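# Coordinate analysis (summary)
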Amino acid sequence: GNLLKAEIWLNRMAAAGKTPDQDTFRLAINACTRSNSFEDAHRWVEIMAEMGVHPDATTSLSIVEAIFKSGAFSQVRDWVLSMDKMNTPISVDIYALALDACAREGDINQMANWMKKMNGK
């Protein structure tokens, strides 16, 4: 429903030569996270980056929170790692979720890496 509608509208905008703004992408990404379609959300973030629009702190946090609430803790880690690779700012709230997810997965090494990155902020 909503995911398909969001995708149709974003494709129409792109076809018309219009660059969707942060709010437009956030609607599509939120539709993905509400339906637990995290791969689709990730795809929209990549499309955003290709169009020169980068997710803000609110969008990034909503994605990570949705993944965390779904219990897909390894995906939280993977998502935050991809944010880091794309030079997307990572807030303290996102690091806290990443640390909690790593703790639940027993990934002590990644917890240590996140702590180092947090302290570098």
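As a starting point, this report considers the structure included with it. (Residues numbered from 1 in each chain as written. Predicted model: local features only at pLDDT ≥ 70, side-chain atom pairs only at ≥ 80, totals over all residues. Heavy atoms only, no water.)

This part is about empty space enclosed by the protein. Left-over empty space is what a probe sized like a water molecule reveals as it rolls over the atoms. Applying the stated criterion across every chain yields a total of one cavity of 30 Å³ or more. If you add up the space inside the largest cavity, you get close to 30 Å³. Lining the largest cavity are Val45, Pro55, Ser60, Ile63, Trp79, Ser82, Met83 and Met86. Contributions of two or more residues to the lining of the largest cavity are made by helix H4 (57–70) and helix H5 (73–85). Broken down by element, the residue count for the lining of the largest cavity peaks at three residues, all from H5. The class makeup of the residues in the lining of the largest cavity is six nonpolar, two polar and no charged. (1 Å grid on protein atoms, 1.4 Å probe; cavity = no way out; pocket = protein on both sides within 12 Å on 5 of 7 lines; lining within 4 Å. Points joined across faces, edges and corners; volume = space filled by probe spheres on them. Helix = DSSP H or I, 4+ residues; strand = E, 2+ residues; numbered from the N terminus. Nonpolar A, V, L, I, M, F, W, Y, C, P; charged D, E, K, R; others polar.)

Once that is clear, we can look at the packing of helix H3 (residues 38–50) against H5. Contact geometry for H3 and H5: axes closest at 12 Å, N-to-C directions at 5°. By the criterion of interaxial angle, the relationship of H3 to H5 is roughly parallel. For the pair formed by H3 and H5, the contact residues are Phe38, Ala41, His42 and Val45 on the first element and Gln75, Trp79 and Ser82 on the second. Taken together, the residues that form the contact of H3 with H5 break down as four nonpolar, three polar and no charged. (Axes fitted to C-alpha atoms, helices over the stretch in contact; angles between N-to-C directions. Parallel < 35°, antiparallel > 145°, perpendicular 65-115°, else oblique. Contact = heavy atoms within 4.5 Å.)

The next point concerns unusual backbone geometry. Positive phi, normally seen in glycine, also occurs at asparagine 36, with a value near 55°. For asparagine 36, the position within the fold is in the loop between helix H2 (22–34) and H3. For asparagine 36, a relative accessible area of 48% puts it in the partly exposed group. (Buried < 20%, exposed > 50% of the residue type's maximum accessible area, 1.4 Å probe, protein only.)

This part covers H5. End to end, H5 covers 19 Å across 13 residues, agreeing with the expected 18 Å (1.5 Å per residue, within 8%). Considered for burial, the residues of H5 that qualify are Phe73, Val76, Arg77, Trp79, Val80, Ser82 and Met83. The inward-facing, buried residues of H5 abut H3, H4, helix H6 (92–105) and helix H7 (108–119). (Expected span 1.5 Å × (residues − 1).)

On to the side chain of threonine 33. Residue placement: threonine 33 occurs in helix H2. Residues contacting threonine 33, with those up to four places away along its chain left out, are Phe38, Ala41, Ile63 and Ala66.

Keep in mind these values describe shape, not function.
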